[in-house]
Amino acid sequence: MKKVTQFFWWCSGVHQATLAKYPAEHNKYVGIGATIFFTGLFAALSGGYALYFVFSGTAFSVIYALLFGLLWGLAIFNMDRYIVSSIHKNASGFRQFLQATPRILLAVLIGIVIARPLELKVFDKEIREQLRTTYLDRQRSHIDTLNKAFESKYAVELTRVAELKTERDSLEASIKSDRIKLKMEAFGEKTVETSGIVGYGPYAKQRQAELDKQEQYLDTLRSRIGQQEAFIQQRKQFEGLLDERLLTGEQLDSAVNKAGFADRNAALGNLKYNPDGTRNESNYWSIAFIMLLFIFFECLPVFVKLMSARDAYDIDNRDRQLVDIHRSGSERDADIAVIDGIYNDRVKADMEREKSRIWESEAT
């Protein structure tokens, strides 16, 4: 336990020799150091998980994730250690708060950065379902865009086919009506358009001839429609429209497994809202509270240091700093005095030599 305690003291950035003299303060700095250590640990897990998706699919994705996670965790740990150790309790409360404000803002930013990848892991199942929906919608949109571009490019041909089909439908209806009238003519039913004479007489033959012409023209229309549709089908094949299909279940699973950090992050953001654009209260507040939890966890060492009263360690640390400053000043004054003395001796020696030279010159 002694080694664990000393390790957490080191994590908190205290001067261990000074803190060892005040047993009442030991537990406080063990708690601060443990908070800093576990914040760095969470940062390592978060960074490694995020980078795993960046390099997913490569042979060394796990190794890259481990290395980056370790480096990221150490960077956050070192930054938190500096933030807490640089807050001096010997200043006034307002001055301490001013000193801590940039560090609190930095801690909030770090908390947000740490929380995001871990949120992706917490909502992994929901994100997968959202990605499936997103990829299907994206594929539908892509196919719709291709179809619109094709319809715009071949508008003349498509319009012609539509006109031919309209004419065909009208002719089929007319032929159907004429067949009924031919049958009524043959059976001698009297109407405005039939003679009422039983048998296959001249009126029936005339109607039959007209019906044959219409059927021949209908065959011609059908042939022309078939040719136009075949041409349009060839153009679709050439433009690649026939190769576009909605993703199957296996293809969707494969795409979701290969989804990168950006897609998963966007899917997590989309979970906050319903398909109609309204806010999904359950998901929205769940994601928000997880982020707030990590932000609070990251700011906790700073808050603990700010809220704690000035203790014996802080006073001793201030006195030790004052002694060090005084010692440094005294050593500086001593060094200046030594340098001045050496310079004065050098000036005196130069003056004596100059006097001797002048006397010797006058003597000669």
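About the criteria used
Residues numbered from 1 in each chain as written. Predicted model: local features only at pLDDT ≥ 70, side-chain atom pairs only at ≥ 80, totals over all residues. Heavy atoms only, no water. Helix = DSSP H or I, 4+ residues; strand = E, 2+ residues; numbered from the N terminus. Buried < 20%, exposed > 50% of the residue type's maximum accessible area, 1.4 Å probe, protein only. Contact = heavy atoms within 4.5 Å. Core = buried A, V, L, I, M, F, W, Y, C linked by side-chain atoms within 4.5 Å. Phe/Tyr/Trp six-rings, centres within 6.5 Å; stacked < 30°, edge-to-face > 60°. Patch = residues over 30% accessible without salt bridge, like charges linked within 9 Å, V, L, I, M, F, W, Y side chains within 5 Å. Areas by Shrake-Rupley, 256 points an atom, 1.4 Å probe, with all protein chains shown as cover. Salt bridge = Lys/Arg side-chain N within 4 Å of Asp/Glu carboxyl O. Expected span 1.5 Å × (residues − 1). Bend = angle between axes of the 7 residues up to and from the residue. Axes fitted to C-alpha atoms, helices over the stretch in contact; angles between N-to-C directions. Parallel < 35°, antiparallel > 145°, perpendicular 65-115°, else oblique. Left-handed = near helix turned anticlockwise from the far one by under 90°. pLDDT = per-residue confidence, 0-100.

J.: Hey, could you run me through the overall build of the protein in this one?
T.: What the protein contains, in helices and strands, is 12 helices and zero strands. When the helices and strands of the protein are read in sequence order from the N terminus, they spell out α-α-α-α-α-α-α-α-α-α-α-α. Taking all 364 residues of the protein together, 29% fall into the buried category. Once local pairs closer than 6 in sequence are excluded, the contacts in the protein between residues at least 24 apart make up 74%.

J.: Where do I start with the nonpolar core in this structure?
T.: Note that soluble globular proteins tend to have their nonpolar side chains buried in a common cluster. Core analysis: the largest hydrophobic core is formed by 22 residues, its most contacted members being Ile114, Phe123, Ile127, Leu131, Tyr135, Leu268 and Phe294. For this core, the secondary structure elements donating two or more residues are helix H3 (26–54), helix H5 (93–122), helix H6 (124–153), helix H9 (249–257), helix H10 (261–270) and helix H11 (281–307). If one sorts the elements of this core by residue count, H5 sits on top with five residues. Excluding residues within four positions of it along the chain, Phe294 makes contact with Phe42, Gly111, Ile114, Ala115 and Leu118. By size, the runner-up hydrophobic cluster in this structure holds 13 residues, among which are Trp9, Tyr29, Ala34 and Tyr313.

J.: Whenever I open this one, the packing of aromatic side chains confuses me. Can you help?
T.: Here the distance between the centres and the angle between the planes together describe a pair of aromatic rings. On inspection of all chains with the given rule, the structure shows nine aromatic pairs. Measuring from centroid to centroid gives 5.6 Å for Trp10 and Phe77, while their planes differ by 35 degrees, and the two rings are tilted. Separated by 67 residues along the polypeptide, Trp10 in helix H1 (residues 2–12) and Phe77 in helix H4 (residues 61–85) bring together distant segments of the chain. Taking the relative accessible area as the measure of exposure, Trp10 reaches 41% and is therefore partly exposed. Note on Phe77: relative accessible area 11%, which makes it buried. Ring centres of Phe68 and Trp72 lie 6.3 Å apart, and the angle between their planes is 5 degrees; on these two criteria the pair is classed as stacked. Here Trp72 and Phe68 lie together in helix H4, a separation of four residues that amounts to about one turn. Given a relative accessible area of 35%, Phe68 falls into the partly exposed group. Each residue in the set Phe7, Phe8, Trp10, Phe37, Phe38 and Phe77 is aromatic and connected to the rest through ring pairs, giving one cluster.

J.: I would appreciate a short explanation of a nonpolar patch on the surface in the present structure.
T.: There is a patch of nonpolar side chains on the surface, built from Phe38, Leu41, Phe42 and Leu45 and spanning about 350 Å² of accessible area. Structurally, Phe42 can be placed in helix H3. Accessibility expressed as a relative area gives 33% for Phe42, which makes it partly exposed.

J.: What is the right way to look at the pattern of salt bridges in this model?
T.: Oppositely charged side chains can form a pair if their charged atoms are brought close together. Taken as a whole and assessed by the stated rule, the structure comprises 10 salt bridges. Close ionic contact of Arg264 with Asp124 constitutes a salt bridge, the shortest N to O distance being 2.4 Å. Of the two residues, Arg264 sits in helix H10 while Asp124 sits in helix H6, which places them 140 residues apart along the sequence. The pair Arg264 / Asp124 is uniform in exposure class, with both members buried. Note that Arg332 is salt-bridged to Asp333, the shortest N-O span being 3.3 Å. Through salt bridges with shared partners, a single network forms among Asp124, Arg128 and Arg264.

J.: How do you make sense of H11 when you look at a structure like this?
T.: Owing to its 3.6 residues per turn, the α-helix brings residues three or four apart onto one side. Over its 27 residues, H11 extends only 34 Å from the first C-alpha to the last, a length that falls short of the 39 Å expected when each residue adds 1.5 Å. Maximum bend of H11: about 45 degrees, positioned at Leu300, with proline Pro301 one to four residues after it. Those residues of H11 that sit buried are Asn283, Ile287, Ile290, Phe294, Ile295, Glu298, Cys299, Pro301, Val302 and Lys305.

J.: Just checking my understanding: could you explain the packing of H3 against H11 for this structure?
T.: Two numbers describe a pair of packed helices, the interaxial angle and the distance between the axes. Running from N to C, H3 and H11 cross one another at 155 degrees; their axes reach a closest spacing of 10 Å. Here H11 runs roughly antiparallel to H3, going by the angle between their axes. Here the hand of the crossing between H3 and H11 comes out left-handed. Mapping the contact onto sequence places Tyr29, Ile32, Thr35, Ile36, Phe38, Thr39 and Phe42 in H3 and Phe294, Phe297, Glu298, Leu300, Pro301, Val304 and Lys305 in H11.

J.: It is not clear to me how the side chain of Glu25 should be interpreted in this structure. Could you clarify?
T.: Its location among the elements puts Glu25 in the loop between helix H2 (16–19) and H3. Overall, the relative accessible area of 15% leaves Glu25 in the buried class. Contacts of Glu25, omitting those with residues within four sequence positions, involve Leu19, Asp311 and Ala312.

J.: What am I meant to see in the confidence of the model for the protein here?
T.: Close reading of the predicted structure is inappropriate where its pLDDT is low. Of the residues in the protein, 89% reach a pLDDT of 70 or more, and the chain-wide mean stands at 80. Per-element mean pLDDT across the protein ranges from 73 in H9 up to 87 in H1.

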